[in-house]
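# A structural walkthrough
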2 protein chains.
Amino acid sequence: MAIRHIALFSWNSEATPERIAEIEGALSRLPGLIPALRGYTFGPDLGISEGNSDFAVVADVDDADGFVAYRDHPDHQAALGLIKPLLAGRSAVQFVLPEAD
Amino acid sequence: MAIRHIALFSWNSEATPERIAEIEGALSRLPGLIPALRGYTFGPDLGISEGNSDFAVVADVDDADGFVAYRDHPDHQAALGLIKPLLAGRSAVQFVLPEAD
């Protein structure tokens with residue numbers, strides 16, 4: 001039962017381009033550090049719609065254990081340490097991905 | 001420049017299982033109706049984390065024009081007609097997907 005984890009962030013006024021770039025750097029290293037990750041995409045909102053959040057992270061894992069391994073991994077927790085001080089809002093969902101065709 | 005569109009929904013008290021199933025049915029038909037869609041996954045939150053939203057939709061398209069074609073397509077608009085009355089909250093992001101390896 002593959003699972004897709006999604007988190008959308010809205011940044012506060014502390015979120016400078018430099019600090020966002022630091023977060024992107026940390027996130028970009030996670031696929032090489034967290035074996036449970038099967039797919040990992042993230043990035044800033046493109047600004048093509050009104051009222052959007054500012055940033056998205058999408059992590060695909062094999063199952064609930066894979067999600068917990070990702071969530072609790074020290075390198076993911078370190079990235080969250082960069083993210084949390086900049087958060088004005090966060091929404092998230094984990095849902096089941098259909099079996100690949 | 002492939003784009004990933006994400007929308008996360010929180011349901012209000014009107015969101016019965018039957019109405020959510022009707023929405024899932026409508027969403028499941030969209031890939032066959034909207035040529036711009038390159039990837040389309042959606043589903044209810046699994047309930048494995050505190051404070052999550054209730055439902056996620058992820059649409060992958062080739063570019064901004066593809067996103068507009070999806071967003072404005074009559075069948076997508078019809079699905080939104082089922083979704084909007086049940087919304088307590090919505091967050092969304094469109095971001096650039098890395099080129100496939």
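Small disclaimer: the values here were computed from a predicted structure and weren't measured. (Residues numbered from 1 in each chain as written. Chains lettered and ligands numbered in written order. Predicted model: local features only at pLDDT ≥ 70, side-chain atom pairs only at ≥ 80, totals over all residues. Heavy atoms only, no water.)

### Some words on the UniProt feature "domain: Stress-response A/B barrel" (unreviewed entry) in chain A
The positions UniProt marks with the feature "domain: Stress-response A/B barrel" (unreviewed entry) are residues 3-95 of chain A. End-to-end, the C-alpha atoms of residues 3-95 of chain A are 6 Å apart, and along that stretch the chain is 39% helix and 33% strand. (UniProt positions renumbered as here; feature names shortened; annotations may be inferred. Helix = DSSP H or I, 4+ residues; strand = E, 2+ residues; numbered from the N terminus.)

### Let's talk about the sheet that holds strand 1 (residues 3-11) of chain A
All names here are of chain A. Overall, antiparallel pairing links the four strands, which are arranged 2-3-1-4 in an open sheet. Bordering the open sheet on either side are strand 2 (39-44) and strand 4 (87-96), each of which pairs with just one other strand. The mean angle between the axes of side-by-side strands here comes to 10°, regardless of whether they run parallel or antiparallel. As paired elements, strand 2 and strand 3 (residues 55-61) share six bridges and run antiparallel to each other. (Pairing = 2+ DSSP bridges. Axes fitted to C-alpha atoms, helices over the stretch in contact; angles between N-to-C directions.)

### Some details on helix 1 (residues 17-33) of chain B
The first and last C-alpha atoms of helix 1 of chain B sit 25 Å apart over 17 residues, in line with the 24 Å expected at 1.5 Å per residue. All buried positions along helix 1 of chain B are accounted for by Ile20, Ile23, Gly25, Ala26, Leu27 and Leu30 of chain B. (Expected span 1.5 Å × (residues − 1). Buried < 20%, exposed > 50% of the residue type's maximum accessible area, 1.4 Å probe, protein only.)

### Things to note about the packing of helix 1 of chain B against helix 3 (residues 74-83) of chain B
Residues and elements named next belong to chain B. For the pair helix 1 and helix 3, the least separation of the axes is 10 Å and the interaxial angle reads 170°. It follows that helix 1 is roughly antiparallel to helix 3 by the angle criterion. Every residue of helix 3 that contacts helix 1 at Glu22, Ile23, Ala26, Leu27, Leu30 and Leu33 is listed here: Asp75, His76, Ala79, Leu82 and Ile83. Residues of the contact of helix 1 with helix 3, tallied by class, amount to eight nonpolar, one polar and two charged. (Parallel < 35°, antiparallel > 145°, perpendicular 65-115°, else oblique. Contact = heavy atoms within 4.5 Å. Nonpolar A, V, L, I, M, F, W, Y, C, P; charged D, E, K, R; others polar.)

### Thoughts on the layout of surface pockets
Reported here for the largest pocket is a volume of approximately 320 Å³. What lines the largest pocket is a set of 21 residues, among which His5, Arg71, His76, Leu80 and Arg90 of chain B lie closest to the centre. When residues of the lining of the largest pocket are traced back to their parent elements, those giving at least two are strand 1 (3-11), helix 2 (64-72), helix 3 and strand 4 (87-96) of chain B. Tallied by class, residues from the lining of the largest pocket come to eleven nonpolar, six polar and four charged. Looking at the second largest pocket, it is lined by 19 residues, and the ones nearest its centre are His5, Arg71, His76, Leu80 and Arg90 of chain A. When contributions to the lining of the second largest pocket are tallied by element, the ones reaching two or more residues are strand 1, helix 2 (64-72), helix 3 (74-83) and strand 4 of chain A. (1 Å grid on protein atoms, 1.4 Å probe; cavity = no way out; pocket = protein on both sides within 12 Å on 5 of 7 lines; lining within 4 Å. Points joined across faces, edges and corners; volume = space filled by probe spheres on them.)

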